[in-house]
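# Breakdown of the fold
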Amino acid sequence: MSSFVIKSIGSALNATSLISSKYAAKKAINLFASPRKGRYNEEQKRIIESAFYEEISYNNLDIATYRWVGKGKTVLLAHGWESNASRWEYILKDLRSQDYNIIALDAPAHGRSDSKQFNAILYSEFINVVANKFQPDVLIGHSVGGMSSVFYMHKYQLPSIKKLILLGAPAHFTGVFDRYKSMMGFNNKVSNGLDNIIIERFGQPVAYFSVANFTESITAKGLIIHDKKDRIIPYEDGQLIANRYKNSEFITTTGFGHGLKDISLTAKIIGFIND
């Protein structure tokens, strides 16, 4: 979506807010929570066709899971926004070479999983259902998948999970939300309306949902990887998480971007898992 179209939508909702700020905010949150991509194309389907496919239910929503069976440690993979389990193609071969028991899931409204909309709280509940079934030793989350993994760990603290790996994860929901508001050019009526919707739906203000703060309660050993030139989630977010997450190691990269798909990192991730 071009910046012109984005700003045009923002301007239209700003105009609408003069008549009904609540209606405009509802439209804005629906836009925020609706991924434009993330369902499988034909090439991506080929990546996950070698996995054992299974659907698990949560509140009448089907969660798509993919399993590459191994005899070693069980590793659960949680992808990020507008993606799906195929994003792990770059690392699958190396993980399978370790004979790990690998589980990947599709987030709400992504891949083959149900739901018309996405939010990190719902994703954390999807992760909980999958984790309870497969009892992973290691949880790896990319971007908002990392955020949802921390939300999950903070709430449930599954004893089997000894290692948590966060790749390009946001440090707090406030930053994600503020960047969305800024990108759209929303006025105060729409922005305040969005904040009110979060309180109404989740019972807490936007600032409560802090990955950095939540990591303080996590006992699993952490590995945080963030790139200095990440254009999606600022490098400072990785620094903040590392600062709050006491039982963690921080790896800084330069030039790998938000995706962090580089063979040198794969070796470090496997080393961390096996340590």
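Each remark here, short or long, concerns the structure printed above.
What counts and how
Residues numbered from 1 in each chain as written. Predicted model: local features only at pLDDT ≥ 70, side-chain atom pairs only at ≥ 80, totals over all residues. Heavy atoms only, no water. Helix = DSSP H or I, 4+ residues; strand = E, 2+ residues; numbered from the N terminus. Rg over C-alpha atoms; globule rule 2.2 N^0.38 Å. Contact = heavy atoms within 4.5 Å. Areas by Shrake-Rupley, 256 points an atom, 1.4 Å probe, with all protein chains shown as cover. Lys, Arg positive; Asp, Glu negative; His and termini not counted. Charge placed at Lys NZ, Arg CZ, Asp CG, Glu CD. Patch = residues over 30% accessible without salt bridge, like charges linked within 9 Å, V, L, I, M, F, W, Y side chains within 5 Å. Salt bridge = Lys/Arg side-chain N within 4 Å of Asp/Glu carboxyl O. Phe/Tyr/Trp six-rings, centres within 6.5 Å; stacked < 30°, edge-to-face > 60°. Buried < 20%, exposed > 50% of the residue type's maximum accessible area, 1.4 Å probe, protein only. Lys NZ or Arg CZ within 6 Å of the ring centre and 35° of its normal. Pairing = 2+ DSSP bridges. Right-handed = clockwise from strand over helix to strand, strands pointing away. Axes fitted to C-alpha atoms, helices over the stretch in contact; angles between N-to-C directions.

Take the overall build of the chain next. Each helix and strand counted, the chain has 11 helices and eight strands in total. For a compact globule of 275 residues, the expected C-alpha radius of gyration is about 19 Å, and the chain comes in at 19 Å, within 12% of that figure. Summarising its shape, the C-alpha atoms of the chain cover approximately 60 × 40 × 35 Å along the three principal directions. Counting contacts in the chain only where the partners sit at least 6 residues apart, residues at least 24 apart contribute 75% of the total. When the accessible surface of the chain is split by element, carbon and sulfur atoms take 51% of a total near 12600 Å². Side-chain charges in the chain split into 33 positive and 25 negative, and the spacing between the mean points of these groups amounts to 3 Å.

Taken together, the side chains of Lys22, Lys26, Lys27 and Arg201 present a region of like positive charge at the surface. Of all the elements, helix α2 (residues 21-32) adds the most residues to the positive patch, at three residues. You can see Lys22 is positioned in helix α2.

A word on the packing of aromatic side chains. All chains considered together, the criterion is met by 17 aromatic pairs. Residues Tyr53 and Tyr66 carry aromatic rings whose centres are separated by 5.3 Å and whose planes lie at 45° to one another, so their mutual orientation is tilted. Taken together, the residues Tyr53 in strand β1 (residues 52-58) and Tyr66 in strand β2 (residues 61-68) connect sequence positions 13 residues apart. The exposure class assigned to Tyr53 is partly exposed, which follows from its relative accessible area of 30%. Taking 5.6 Å as the distance between ring centres and 70° as the angle between the ring planes, the aromatic pair formed by Phe151 and Phe214 counts as edge-to-face. Placement of the pair is Phe151 in helix α6 (residues 144-156) and Phe214 in helix α9 (residues 211-214), with a sequence separation of 63 residues. Classification of Phe214 by relative accessible area gives buried; the value is 7%. The residue whose ring lies beneath Arg87 is Trp88, and the NZ or CZ to ring-centre distance is 4.8 Å. Positioned above the aromatic ring of Phe272, the side-chain terminus of Lys163 is 5.0 Å from the ring centre.

Here strand β5 (residues 138-142) lies mainly inside the structure; five of its five residues are buried. Side chains Val138, Ile140 and His142 of β5 all project onto a buried face; the interleaved residues Leu139 and Gly141 project onto the opposite face, where all are buried too. Pairing between strand β3 (residues 74-78) and β5: four bridges, direction parallel. If you follow Leu77 over to β5, its bridge partner there is Ile140. Strand direction decides the pairing type here: β5 and strand β6 (residues 163-167), joined by five bridges, are parallel. Among the inter-strand pairings, Leu139 is bridged to a residue of β6, identified as Leu164. Taken together, β5, α6 and β6 constitute a β-α-β crossover, and its handedness is right-handed.

With respect to topology, eight strands assemble into an open sheet ordered β1-β2-β4-β3-β5-β6-β7-β8, the strand pairing being mixed. Every other strand in the sheet has two partners, leaving β1 and β8 (248-253) as the edge strands with one partner each. Neighbouring strand axes in the sheet, compared pairwise and without regard to direction, differ in orientation by 20° on average. For strand β7 (residues 221-227) and β8, the ladder comprises six bridges, and the chain directions are parallel. Within the sheet, the bridge partner assigned to His226 lies in β8 and is Thr252. Sitting on the sheet, helix α5 (residues 120-134) is in contact with β1, β2, β3, β4 (101-105) and β5, with an inclination near 120° to β1. Along the sheet face, helix α10 (residues 235-244) touches β6, β7 and β8 and points at about 160° away from the line of β7.

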